[in-house]
Amino acid sequence: EADIYQTPRYLVIGTGKKITLECSQTMGHDKMYWYQQDPGMELHLIHYSYGVNSTEKGDLSSESTVSRIRTEHFPLTLESARPSHTSQYLCASSVPSGITGTGELFFGEGSRLTVL
Amino acid sequence: DQQVKQNSPSLSVQEGRISILNCDYTNSMFDYFLWYKKYPAEGPTFLISISSIKDKNEDGRFTVFLNKSAKHLSLHIVPSQPGDSAVYFCAATGVANAGGTSYGKLTFGQGTILTVHP
C-alpha cells in the first residue's frame, strides 16, 4: 500500500493569498510529481522531480513553484492565488522503472483548492 | 493536442455484466499503458498495465487489451460489481515521455465514469 500524504485536503482562500500544498511520501521514492485536474478533464503534469534539488516543469504551464529539499517532501507553492487556480492538485511518486518494471504512480488523495 | 483520448465520458452497466472501457492514443512512441481508478475525493489508484510487447494482460476480473496497429486499448471488467463504480483513467508513457531517463511522466485521458447498477 502506498504511503503518500497531501495536506490540506480542502482549501478555500481569497484572491492574492500565498498558499503551499504539502506532499510527503514515506516510500523513499526518488521521483515525485504534481498533477492538476479539473472535473471531467484529464490529469495534467505541472511539475516533476527526479530527486533532491531536481525540479522540472511539466507539460501544462503553471504559475506554481515546487521545491525538493528532502527526498520525502515535495511542496507546491502559489505566491498569489487567483480564481483560475481553482482545481484539484494531485501529488504522486514512483520507483524507477528498472526496479518494478512498471514505474506506476502512487497518488496522494489530492488537495482541492478553491480561490474566491 | 490530446495524445490520449477516452471518447466515452460515461458508461452504465448492470451488475454481473461486462464493462468495456476504451482508450485511443496518437503518439506512436508510447510503449507502456496503464489504467487507474479514481473515487470521488480520492487520488487515482493503479489498476492494471500492459507493455507494448503484449496484446493482453489479465488480473482477476480485469483484462486490458492492446491493439498497437489501431493505437487502441480497452479495459474489460467481468463480472462488473457496484463497487467498480468510479472514474477510470487511461494513461500512457514511453520514450516520448521519458525525457531520456525512464518512465513516470504519464499522459492521461479525460476519464470515463463507470456506473454499475445493482
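For the structure itself, consult the block above.
These numbers come from a predicted model, not from an experiment.

Draft legend 1. Spatial organisation of a nonpolar patch on the surface. A cluster of nonpolar side chains, namely I18(B), I20(B) and V78(B), defines an oily patch on the protein surface of about 230 Å² accessible area. Secondary-structure assignment places V78(B) in the loop between β8 (72-77) and β9 (86-94).

Draft legend 2. Just the state of the cysteines, in detail. For the coordinates displayed, the defined rule picks out two disulfides over all chains. Disulfide pairing places C23(A) opposite C91(A) at an S-S distance of 1.9 Å. Looking down the S-S bond of the C23(A) and C91(A) bridge, the torsion is -75 degrees, so its handedness is left-handed. You can see C23(A) sitting in strand β3 (residues 19-25) and its partner C91(A) sitting in strand β9 (residues 87-94), a full 68 residues away along the chain. As far as the burial class goes, C23(A) and C91(A) line up, both buried. Put simply, C23(B) and C90(B) are joined by a disulfide, and their sulfur atoms are 2.0 Å apart.

Draft legend 3. Just the sheet that holds strand β7 (residues 65-66) of chain A, in detail. Strand order across the open sheet formed by four strands is β1-β3-β8-β7 (chain A), with antiparallel pairing between neighbours. With partners counted over all chains shown, the strands left at the sheet margins are β1 (4-7) and β7 of chain A, one partner each.

Draft legend 4. Main features of the nonpolar core. Among the nonpolar cores identified, the biggest contains 23 residues, and F33(B), W35(B), L73(B), L75(B) and Y88(B) are the most heavily contacted of them. For this core, the secondary structure elements donating two or more residues are β3 (19-25), β4 (30-38), β5 (45-51), β7 (62-67), β8, β9 and β11 (112-117) of chain B. Counting residues per element, this core draws most heavily on β9(B), which supplies four residues. Ignoring anything within four residues of it in the chain, the contact list for L73(B) reads L21(B), N22(B), C23(B), Y25(B), F33(B), W35(B), V64(B), F65(B), L66(B) and C90(B). By size, the runner-up hydrophobic cluster in this structure holds 17 residues, among which are I19(A), F74(A), Y89(A) and C91(A).

Rules used in this analysis
Counting starts from 1 at the beginning of each chain's written sequence and moves along it residue by residue. Written order determines the labels here, with chains lettered from A and ligands numbered from 1. Confidence filtering applies because this is a predicted model: local features only for residues at pLDDT of at least 70, side-chain atom pairs given and counted only at 80 or more, and all residues used for totals across whole chains, interfaces and linings. Side-chain metrics rest on all non-hydrogen atoms present in the structure, leaving aside hydrogens and water. Patch definition: residues above 30% relative accessible area lacking any salt bridge, with like charges linked at up to 9 Å and the nonpolar side chains Val, Leu, Ile, Met, Phe, Trp and Tyr linked at up to 5 Å. Computed with the Shrake-Rupley method and a 1.4 Å probe, the accessible areas treat only the protein chains shown as cover for residues. The salt bridge criterion pairs a side-chain nitrogen of Lys or Arg with a carboxyl oxygen of Asp or Glu, the two atoms within 4 Å. Under the DSSP-based scheme used, a helix requires at least four consecutive residues in state H or I and a strand at least two consecutive residues in state E, with every element numbered from the N terminus. By convention in this document, the label disulfide applies to cysteine sulfur atom pairs within 2.5 Å. Burial status follows relative accessibility: with a 1.4 Å probe on protein chains alone, a residue under 20% of its type maximum counts as buried, one over 50% as exposed, and anything between as partly exposed. Two strands pair under a simple rule: DSSP has to find at least two bridges between them. In this text, buried Ala, Val, Leu, Ile, Met, Phe, Trp, Tyr and Cys residues form a nonpolar core when linked through side-chain atoms within 4.5 Å. The contact criterion used throughout is that any non-hydrogen atoms of two residues lie within 4.5 Å.

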